[in-house]
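One letter stands for each residue in the lines below.
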Amino acid sequence: MDEERGSEEKQDDTKPCPVCGETIKAAAIKCRFCGEDLQAFQLKKEAAVEREIFSGRPAVVYSVWQLLLVIVTLGIAWIVMWFKRAGVNYRLTSQRIQVERGIFSKTKQTTELFRIDDFVISRPFSMRIMGYGYLVIKSSDRSIPDLTLYGVKEIETIYEQLRKASFAERERRGIKVWANA
């Protein structure tokens, strides 16, 4: 009985290395067989999993001028803007940006985050009053050099998340970017 308890404690004190499979201590930081840093390995493994940052559509009315237009046209402009909004869907993940456009015929544009070169946040006064702005994403992708996300609340938060995810994706893929000095 004491032998069984001793072997159970021994098994709980060990685990297999996720890289080489050898039995190592449960509290080990580095595998003594393959030399892999287990924390760094776990972080790399988590970074490889695509997670969603933001998903949604732009707002129907996202500037004061649009609001005034809706009021002046007695709501007819709102219907037009609603259809325009219904045709746009954003999906931002830790590895890519997808913009789907169209109501009946759909077009999906995808830009990988490691290709992003620069971000430009613009918050004109008429949008800032309503709490909105737009984000222009400049990439090295020749098919989609500029991508604009508009009508999204808390655009600065989305920008920060995309910026961090872009750096992480470049690091994960081992891509180095040289800046002109």
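Scope of this entry: the structure provided in the associated data block. Everything numeric in this text was worked out from a predicted model, so none of it was measured.

A separate point is a nonpolar patch on the surface. On the surface, Trp78, Ile79, Trp82, Phe83, Ile103 and Phe104 cluster together into a nonpolar patch covering about 680 Å² of accessible area. Mapped onto the secondary structure, Trp82 falls in helix 4 (residues 76–86). Overall, Trp82 belongs to the partly exposed group, its relative accessible area being 34%.

Locating Thr93 in the fold gives a position in strand 4 (residues 88–93). In contact with Thr93, not counting residues within four places along its chain, are Glu50, Arg51, Glu52, Ile53 and Leu113.

The next thing to look at is the pairing of strand 8 (residues 132–139). Across the eight residues of strand 8, six count as buried, placing the element largely inside the fold. Where strand 7 (residues 116–122) lies against strand 8, six bridges are found, and the strand directions are antiparallel. By the bridge assignment, Asp118 is partnered in strand 8 with Lys138. Relative to strand 9 (residues 146–153), strand 8 is paired through seven bridges, and the arrangement is antiparallel. Across the sheet, Val136 pairs through a bridge with Thr148, a residue of strand 9. Counting the residues in the hairpin turn of strand 8 and strand 9 gives six residues.

Side-chain pairs of opposite charge can arise whenever the charged atoms involved come near each other. Evaluation of the coordinates by the stated rule reveals 13 salt bridges. Notably, a salt bridge pairs Asp13 with Lys25, separated by 3.6 Å at the nearest N-O pair. In this pair, Asp13 sits in the loop between helix 1 (2–12) and strand 1 (14–16) while Lys25 sits in strand 2 (residues 23–25), placing the two residues 12 residues apart along the sequence. Using a relative accessible area of 38% as the deciding quantity, one classes Asp13 as partly exposed. Looking at Lys25, the relative accessible area reads 51%, which means it is exposed. Arg173 is the partner of Glu112 in a salt bridge, and the nearest nitrogen-oxygen pair spans 3.8 Å. Remark: Arg173 occurs in helix 6 (residues 155–173) and Glu112 occurs in strand 6 (residues 107–112); sequence separation between them is 61 residues.

Attention shifts here to the pairing of strand 4. Relative to strand 4, strand 3 (residues 52–56) is paired through four bridges, and the arrangement is antiparallel. For Glu52, the partnering residue across the bridge sits in strand 4 and is Thr93. Across five bridges, the pairing between strand 4 and strand 5 (residues 96–101) is antiparallel. The residue bridging Leu92 from the neighbouring strand is Ile97, located in strand 5. With antiparallel pairing between neighbouring strands as the criterion, strand 4 and strand 5 make up a hairpin whose turn holds two residues.

Tallied over the full model, the rule gives four aromatic pairs. Between Trp82 and Phe83 the ring centres are 5.2 Å apart and the planes differ by 85°, which places this aromatic pair in the edge-to-face class. Over the ring of Tyr132 we find Lys153, and its NZ or CZ is 4.7 Å from the ring centre.

Here we take up the nonpolar core. Membership of the largest hydrophobic core comes to 24 residues, with the highest contact counts inside it found for Ile97, Ile137 and Leu162. Those elements that provide at least two residues to this core are strand 4, strand 5, strand 7, strand 8, strand 9 and helix 6. If near-sequence neighbours (up to four positions away) are discounted, Leu162 is found in contact with Ile53, Leu92, Ile97, Leu113, Phe119, Leu135 and Ile137. With five residues, the next largest nonpolar core counts Val60, Val61, Ala77 and Met81 among its residues.

Cut-offs applied
- Residues numbered from 1 in each chain as written.
- Predicted model: local features only at pLDDT ≥ 70, side-chain atom pairs only at ≥ 80, totals over all residues.
- Heavy atoms only, no water.
- Patch = residues over 30% accessible without salt bridge, like charges linked within 9 Å, V, L, I, M, F, W, Y side chains within 5 Å.
- Areas by Shrake-Rupley, 256 points an atom, 1.4 Å probe, with all protein chains shown as cover.
- Salt bridge = Lys/Arg side-chain N within 4 Å of Asp/Glu carboxyl O.
- Helix = DSSP H or I, 4+ residues; strand = E, 2+ residues; numbered from the N terminus.
- Buried < 20%, exposed > 50% of the residue type's maximum accessible area, 1.4 Å probe, protein only.
- Contact = heavy atoms within 4.5 Å.
- Pairing = 2+ DSSP bridges.
- Phe/Tyr/Trp six-rings, centres within 6.5 Å; stacked < 30°, edge-to-face > 60°.
- Lys NZ or Arg CZ within 6 Å of the ring centre and 35° of its normal.
- Core = buried A, V, L, I, M, F, W, Y, C linked by side-chain atoms within 4.5 Å.

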